[in-house]
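Inside the fold
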Amino acid sequence: MATQAAFLAGFPQLAAQPARGRVGTGAPARVALAAIGSAKVGARAGVKAVAARRGVRCRASLIEPDGGRLVDLVAPEEGGRREALRREAASLPHRVRLGRVEKEWVHVLSEGWASPLQGFMREHEFLQALHFNAIRGADGRMVNMSVPIVLSVGDAQRRAIQADGATRVALVDDRDCPIAVLSDIEIYKHNKEERIARTWGTTAPGLPYVEEAITNAGDWLIGGDLEVIEPIKYNDGLDQYRLSPAQLREEFARRNADAVFAFQLRNPVHNGHALLMTDTRKRLLDMGYKNPVLLLHPLGGFTKADDVPLSWRMKQHEKVLEEGVLNPESTVVAIFPSPMHYAGPTEVQWHAKARINAGANFYIVGRDPAGMSHPTAKRDLYDADHGKKVLSMAPGLERLNILPFRVAAYDTKQKKMDFFDPSRKDDFLFISGTKMRTLAKNRESPPDGFICPGGWKVLVEYYDSLVPSEGSSKLREPVAA
């Protein structure tokens, strides 16, 4: 068993952090996790659910999900519950139509990424998340929940639901097909300005998630217990990568690994990222773990227009494994279904918390996590170091071991990515994500050893596929990869 001293020796950058933000007062939590050589994992093995307040009991060897049980809000096929729910949803008089982002949140909630949350937030949960970055679970303990997960309705629909005294509503997609039922509902005021200010720290115009999901949303929020008719699928050729927390945990336990470290990203992988991930695994091995596993977990929900689309990122990640930049035997590549807020230190807590529910006990955090440029000023919206500092102190994340990045850059002498050495700083070249995208757009070659050839080829192909829209000089994204 690795000791606290060994843990800090392996990661000296943690020594100056507050004790509760490292690993608590004892040794780091151990988990029975394992590599997934392929993302093509079968249907949930051993996952049993009941119709109401369902949850998955996790194996004792895995880090516990928040609340002690992994929430599963998908109606089981057994006993005819799924068909009964489908019929009920079709017959309910009140229907709330889901947009893209709302459907992604249904996906997130249904699989337990937000455990112990049982549905879209009621007002007391919304206020706790908004003002405390945490909610109180049924056992009285506070669990981290830094972003509101809410559903809006307009004033006319609010009045109609309340006039009928309805307690259950159907949630439907853009084709009016029932997706889920929300029960024991509560409707309350949607104070958009307060929500935006508390989540982003600014109400400046141009925040991508705000423009996508809040500005034109209804002035009321509807919360309640969620029951989803069937697992959410996208039929985009990537569903095999969308592993639920239960699927990940089942496979981790089956492979008998003893630590898992998660890496969240929304950009293509270059060799600097790979260096950080392989170095982390080496340090965990040095600490005494026998089979630490990387969970490479790209975000798969809504992202802003200039981010590389998910389908192309997944093609690029496949090349990273095919060319041996990362070891497929000790790497999970799966899609995290959450939409992206770009809310910096507030949002990175959500990213970390969700990985606890998937079974991770280590989380790698880098510079300016979940950040973006200020939408109206020429500067970053958040301090680059605040994300990792906040994670080290965040309520409800005490069980998670936070691993800050070591600074990696391109060593022009060695012609490879390496950890920055300040004693010879002139030998290092820092290549930002923006610079990498610019090189790909212009079909300029990156330095040798910066990115694997196959991964770079995918990036260039993506930017080549961007063609001028008819009657416009601007680029548009392709419909599909």
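For every chain, the first residue of the written sequence is number 1, and numbering continues from 1 onward in sequence order. Restriction of local features to residues with pLDDT of at least 70 applies here, the model being predicted, together with a cutoff of 80 or more for giving and counting side-chain atom pairs; totals for whole chains, interfaces and linings are based on all residues. Side-chain descriptors were evaluated using all non-hydrogen atoms of the structure, hydrogens and water having been removed beforehand.

Counted only if it meets this: UniProt positions are given in the numbering used here, feature names are shortened, and annotations may be inferred rather than shown by experiment.
An unreviewed UniProt entry annotates the chain as sulfate adenylyltransferase of Digitaria exilis. Under Sequence similarities (unreviewed entry), UniProt gives the following word-for-word description of the chain: "Belongs to the sulfate adenylyltransferase family." UniProt lists a comment for the chain under the heading Catalytic activity (unreviewed entry), and it reads "sulfate + ATP + H(+) = adenosine 5'-phosphosulfate + diphosphate".

What to know about the pattern of salt bridges
Think of it this way: side chains of opposite charge can pair up when their charged atoms draw near. For clarity, the cut-off: Note on definitions: salt bridges are taken to be side-chain nitrogens of Lys or Arg within 4 Å of carboxyl oxygens of Asp or Glu. Counting from the N terminus, the helices are DSSP H or I runs at least four residues long and the strands are E runs at least two residues long. Each residue is assigned to one of three classes by its accessible area relative to the maximum for its type, calculated with a 1.4 Å probe on protein chains only: buried under 20%, partly exposed between the two thresholds, exposed over 50%.
Summed over the entire model, instances satisfying the criterion amount to 31 salt bridges. With its nearest N and O atoms 2.8 Å apart, the salt bridge here joins Arg 283 to Asp 279. Of this pair, Arg 283 and Asp 279 both sit in helix H9 (residues 271-286), four residues apart, which is roughly one turn of that helix. The burial state of Arg 283 is the same as that of Asp 279; both residues are buried.

Brief notes about the sheet that holds strand E14 (residues 401-404)
What counts is decided by this rule: Only when DSSP finds a minimum of two bridges between them are two strands counted as paired. The angle between two axes is taken between their N-to-C directions and runs from 0 to 180 degrees, where each axis is a line fitted to C-alpha atoms and a helix contributes only its stretch in contact. Residues count as neighbours in contact if any of their non-hydrogen atoms are within 4.5 Å of one another.
Strand order in the open sheet formed by five strands is E12-E11-E10-E13-E14, and the pairing between neighbours is parallel. Every other strand in the sheet has two partners, leaving strand E12 (331-333) and E14 as the edge strands with one partner each. Adjacent strand axes in the sheet meet at a mean angle of 25°, parallel and antiparallel pairs treated alike. The pairing of strand E10 (residues 259-265) with strand E11 (residues 292-298) spans seven bridges and is classified as parallel. Directly across from Val 260, in E11, lies its bridge partner Val 293. The sheet contacts of helix H11 (residues 344-357) involve E10, E11 and strand E13 (362-365), and relative to E13 the element is tilted by about 155°.

Thoughts on the sheet that holds strand E17 (residues 428-429)
Spatially, three strands are ordered E16-E15-E17 in an open sheet, and the strand pairing comes out antiparallel. Whereas interior strands pair on both sides, the edge strands pair on one side only; in this sheet they are strand E16 (416-419) and E17. Pairing between strand E15 (residues 408-411) and E16: four bridges, direction antiparallel. When the sheet's bridge partners are listed, Asp 411 is paired in E16 with Lys 416.

Remarks on the side chain of Asn 271
For Asn 271, the position within the fold is in helix H9. Note on Asn 271: relative accessible area 17%, which makes it buried. If sequence neighbours within four positions are ignored, Asn 271 has contacts with Val 325, Met 417, Gly 449, Phe 450, Ile 451 and Cys 452.

So, the packing of helix H4 (residues 123-132) against helix H6 (residues 192-200)
Put simply, the rule reads: Our angle categories are set so that under 35 degrees counts as roughly parallel, over 145 as roughly antiparallel, 65 to 115 as roughly perpendicular, and the remainder as oblique. Any residue outside Ala, Val, Leu, Ile, Met, Phe, Trp, Tyr, Cys, Pro, Asp, Glu, Lys and Arg is labelled polar, Gly included; the first ten of those are nonpolar and the last four are charged.
The geometry of H4 relative to H6 is characterised by a closest axis approach of 9 Å and an angle of 40° between their N-to-C directions. As the angle between them shows, H4 and H6 are arranged oblique. When H4 is examined against H6, the residues Phe 126, Leu 130 and His 131 are found in contact with a partner set consisting of Glu 194, Arg 195, Arg 198 and Thr 199. For the contact of H4 with H6, the residue count by class is two nonpolar, two polar and three charged.

Description of the confidence of the model for the chain
Operational definition: The quantity known as pLDDT measures the predictor's confidence residue by residue, on a range of 0 to 100.
Scored by pLDDT, the chain has a mean of 86; 84% of the residues are at 70 or more. Of the regions scoring below 50 in pLDDT, residues 1-8 engages in 26 contacts with residues more than four places distant in sequence or in other chains. Residue range residues 15-53 is modelled with pLDDT below 50. Its contacts to residues more than four positions away, or to other chains, number 129 contacts.

Looking at the pairing of E14
The two faces of E14 match: Asn 401 and Leu 403 on one face and Ile 402 and Pro 404 on the other face are all buried. Note that E13 and E14 share four bridges and pair parallel. Counted as the bridge partner of Phe 362 is Asn 401 from E14.

Some thoughts on H6
The condition that has to hold: Picture the helix axis, draw a direction to every C-beta atom, and the arc is the one those directions span.
Residues Lys 192, Arg 195, Ile 196, Thr 199 and Trp 200 constitute the buried set of H6. Looking down the long axis of H6, one finds its buried residues gathered within 95° of arc, a one-sided arrangement. Against H4, helix H7 (208-213) and H11 lie the buried residues of H6. At the C-terminal side of H6, Gly 201 shows a positive phi close to 75°.

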